[in-house]
Amino acid sequence: MFMKISKKFTAVALIAAMALIAGCGGGEKKAAPAGGEKKVTLKLAAQLPASHWLVKNMDSLKTKVAAKTNNTVEIQISAAGATFKDKNMNDAIVSGALDMGLNTVGRWAQVIPAMNVFDVPFLFPSYEQIDKAIDGGVGKMLGDELQKKGVRPLIWADYGFVQFANNKKLCKTPADFEGMKIRGYSKYSAETIKAIGASSTTMSSGEVYMAIKNGTLDGQISGTPAMISRKMYEVHKYLTITNNASPEFIVAMNEKSFQKLSANQQKALLEAAQEVRNDIRKQAKAEDLKANEEMKKNGCELYYMTPEDIKVWQAKTKPVWDLFIKENGEVGKKLIEMCTK
């Protein structure tokens, strides 16, 4: 009898041991994907205010990446130039002092001059043409140059079109701006300002409100969603809807920071970036139109250019096209061709 009990006990013990081993093994298999991923924190800076729709899309990127990586990748966002302003953000990304940044191509043009193509006035007649050009080779061509600097372009982010705002008078023609002091956000926006007979001043976007208020500036070129975010309607009285340029933004990432991620994390980040890019493209036009109306509701007088007006503006700003081609040679010609076909 003792032998029977002993055998039963041994059999039960063996089964329990096997179940325990199987249970432990099964637990390891389930935990492997998450447990095998090292937790990484990425810092992302933006000059635009937190209320700007592009920055809200960075919040979406943060959420999507966290979900796709089982919370092993966290993106920490600082907006409104809290950590890095637009002037020094790109240097920080190149050096690795900053992992990621949302900045305009106008700032990247300081190291890759051909990026100025998005600021060539009246190059893009529609929102669709911008995306067509980027997908048709412009994005890859310029992105390859960024990669040589150790920077990976994650998202080509449509900013929408820029407009002329001022607090002097309602301007309809280039001649109406003559003698005004206008803030440009980049080299070629400054050239556009000069071409219409105004004087250009470059300063950080966060400084423009007070400059307009105290009379240092008469106006600026900017997207209306950014004007709304910064309450520029409090100091601007007039707005000329020119749609003269679309300064694409780039969500750029230091390549070494990207390589710190595991293969699964990299895949998740790229997938999330693609989804956010698609969302941004759907929103760009709607956000522009909504902001235009908001400026009007807040007391700003608007003038929408006619097709005849556009021809006058194109002729007046043609020297800016010529300057872009002169400074960028064959590369400049090729980019212009890709953007207009």
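You'll find the structure just up there.
Residues numbered from 1 in each chain as written. Predicted model: local features only at pLDDT ≥ 70, side-chain atom pairs only at ≥ 80, totals over all residues. Heavy atoms only, no water.

Caption draft 1: Inspection of the sheet that holds strand β5 (residues 163-166) at higher detail. The strand order β7-β6-β8-β5-β9-β11 describes an open sheet built from 6 strands, whose pairing is mixed. Because the sheet does not close on itself, it has two edges, and the strands there are β7 (199-202) and β11 (301-304). Neighbour-to-neighbour, the strand axes of this sheet turn through a mean angle of 25°, independent of strand direction. Where strand β6 (residues 181-184) lies against β7, 4 bridges are found, and the strand directions are parallel. When the bridges of β7 are listed, K181 appears paired with S199. This element, helix α6 (residues 187-195), spans β5, β6, β7 and β8 (219-222) of the sheet and lies at about 155° to β6. (Pairing = 2+ DSSP bridges. Helix = DSSP H or I, 4+ residues; strand = E, 2+ residues; numbered from the N terminus. Axes fitted to C-alpha atoms, helices over the stretch in contact; angles between N-to-C directions. Contact = heavy atoms within 4.5 Å.)

Caption draft 2: Expanded view of α6. Buried residues of α6: Y188, S189, A190, T192, I193 and A195, and no others. The inward-facing, buried residues of α6 contact β5, β6, β7, β8, α11 (307-316) and α12 (318-340). Immediately downstream of α6, the backbone of G197 shows phi near 95°, a positive value. (Buried < 20%, exposed > 50% of the residue type's maximum accessible area, 1.4 Å probe, protein only.)

Caption draft 3: Up close: the environment of R107. For R107, the location among the structural elements is in helix α4 (residues 105-108). With 20 residues separating them in the primary sequence, R107 and K87 have C-alpha atoms 6.9 Å apart. Not counting chain neighbours up to four residues away, the residues in contact with R107 comprise D86, K87, N90, Y185 and M203.

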